[in-house]
Amino acid sequence: MQRIGKEFVNQSVYKYPQTKRLLEWLTKDGYFKLRMHKSIELDKVYDDKWKVDKGFGLRAAQNINANEEIFLVSTENCITGLELIDCDRIKAFEINKTVSMIASKYYEKNLPQLYYTQNILKIICQIFAHSSGDQMKMYPFANTLLEHYNNQTTTKNPLFWDKNAIKGIYSSNLASIISSTQSQFVSMNEDLLQNRMFGFNLSKFIEMMSVVRSRNLNFCPEQPKFFDINSVVIMSPVVDWINHSFDPNCKLTGAYYQHETESFVVVKAAKDIKQGEELTVNYGNMNNMDYLMRYGFVNQSNPHNELSLTLNFDDYLEYTSQLFDFKQKIFKTQEDFSLDRFILFENRINKNLLRSLRIYFLKNEDLLTNPEIASYRYKDFDKQISTENELIICKFMIETLKKELEKYQKARINTLDMNQLMHPNKKDQIINLDSHEDLIYVQNQNYRNMLHICIDEQTNIQKNIKFFEKQLQNLV
Ligand SMILES: C[S@@+](CC[C@H](N)C(=O)[O-])C[C@H]1O[C@@H](n2cnc3c(N)ncnc32)[C@H](O)[C@@H]1O
């Protein structure tokens, strides 16, 4: 085993002086906290096909077999959201109290979000505390993170888009997510200032949140093999240079060695990796809006895209008061669902949506011809009730989705008018804003990401229209 990645360090330092101090600190003599089992390289990476600058990334500098360990980083080198390192007890007590109070104000009921926010705020605290002291263990890593924060080009972050730019977004879902996250950050920063936690101005707070939110991972110290939602949020040097892919060639696990009494973040090969290939992990199965908000990028053909849609049933509801009570009762058997907001998937139909529609469009005849429905619970509506019931569902969905598509088309025409972009290769032709391929000619990253999300949403609606049209054909 090659204990220290001297080769890696030398190559990287030579290429990128800005990483020099961090790598020297991680590998300084007698301090084997970064263990390289395989040769890797730090490099600037660029997605040629989609013309996306991914910043730094890691590459294999040799062939690596599936399941082989590539490198390990001791959690002693990480900044964790659990303990406040090198902090006196009174100060730590104060910080913990304030952070818990602020996080619970926003996420009292949502435990995973509550823990996550507490952890993130504690990490930010440490990065700033460590940057001001000189004998701190984390000093070089905290400094690298601060450098990121100082150098970040704010344009990639949707939280910095101005009101006019947000108005130009023709995805109403995206516009409302950006606005609500912005207001939440504004008010969280005010709370922090009031409690004299950090003296940030708003844009600095948002920047620091973005650095930490886009670079952390979940780690479970007691069972370091498992990364789950309840684990501790940590920032690990070197591991945080690995970029994302939905078809990753690496996976993150943990290891705990009794004789060393410390845990390690372990990067393993998930498949065979060729020399020169970029190392990637999956950051999580989230839709593109969540990717954009947390990481500042979107994925081409993201299988986890979904669209939240408000359905207006009022014109369709046909019920006697007796039927109304019955429908209410069934809905009550299902916890935790919304009566009018539904999720549309691109690659499958949301079963809850179909169930709810079957209940909404139940008629007296359905109850008379199928008396057993009277004893049904919400989950029993996963099968067809009657042809009539199914027909009205298809008609309702096709009509609703077509209206939604019209809204997009109108908004898109306005956006197009504002941004007449000529195609660089095809003479006198305007860039097709409905084509993922053509968007590579849109220089502004924000605008490009926003358009990718809009295309995905339109495709999602179109695929759902096709599904219901096909169902309708089969019924008649
Ligand atoms: C944990 S860091 C990875 C290292 C980062 N590239 C750097 O230069 O430090 C996560 C950030 O890398 C970028 N990134 C990661 N995967 C990407 C991808 N597949 N496409 C575009 N950008 C990506 C995003 O800016 C993201 O916020």
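If you check an unreviewed UniProt entry, the protein chain appears there as SET domain protein from Tetrahymena thermophila.

**As for unusual backbone geometry**
In this structure, asparagine 67 takes a positive phi of about 75° despite not being glycine. With respect to the helices and strands, the residue asparagine 67 is situated in the loop between β3 (52-60) and β4 (69-74). For serine 301, which is not a glycine, the phi torsion comes out positive at approximately 40°. Within the secondary structure, serine 301 is located in the loop between α9 (288-295) and β12 (306-310). By relative accessible area, which is 66% here, serine 301 ends up exposed.

**With respect to the sheet that holds strand β7 (residues 232-235)**
The pairing of strands in a sheet happens through backbone hydrogen bonds and is either parallel or antiparallel. Across the sheet, which stays open at both edges, the 3 strands sit in the order β5-β7-β6 with antiparallel pairing between neighbours. At either end of the open sheet lies a strand with only one pairing partner, and these are β5 (79-80) and β6 (217-219). Where β6 and β7 come together, 3 bridges link them in antiparallel fashion. The partner of leucine 217 across the bridge, within β7, is isoleucine 234.

**So, the pairing of β7**
The alternating pattern of β7 places Val232 and Ile234 and Val233 and Met235 on opposite faces, both of which are buried. The sheet contact formed by β5 and β7 spans 2 bridges and is antiparallel. Residue pairing in the sheet places isoleucine 79 in a bridge with methionine 235 of β7.

**As for the sheet that holds strand β1 (residues 34-36)**
The strand order across the open sheet built from 4 strands is β1-β4-β10-β9, with neighbouring strands paired in antiparallel fashion. Sheet topology places β1 and β9 (250-257) at the edges, where each strand pairs with a single neighbour. Shown here is a sheet whose adjacent strand axes are inclined to one another by a mean of 20°, direction ignored. In this structure, β1 lies alongside β4, joined through 3 bridges in antiparallel fashion. Along β4, the bridge assignment pairs methionine 36 with phenylalanine 71.

Calculation criteria
- Residues numbered from 1 in each chain as written.
- Predicted model: local features only at pLDDT ≥ 70, side-chain atom pairs only at ≥ 80, totals over all residues.
- Heavy atoms only, no water.
- Helix = DSSP H or I, 4+ residues; strand = E, 2+ residues; numbered from the N terminus.
- Buried < 20%, exposed > 50% of the residue type's maximum accessible area, 1.4 Å probe, protein only.
- Pairing = 2+ DSSP bridges.
- Axes fitted to C-alpha atoms, helices over the stretch in contact; angles between N-to-C directions.

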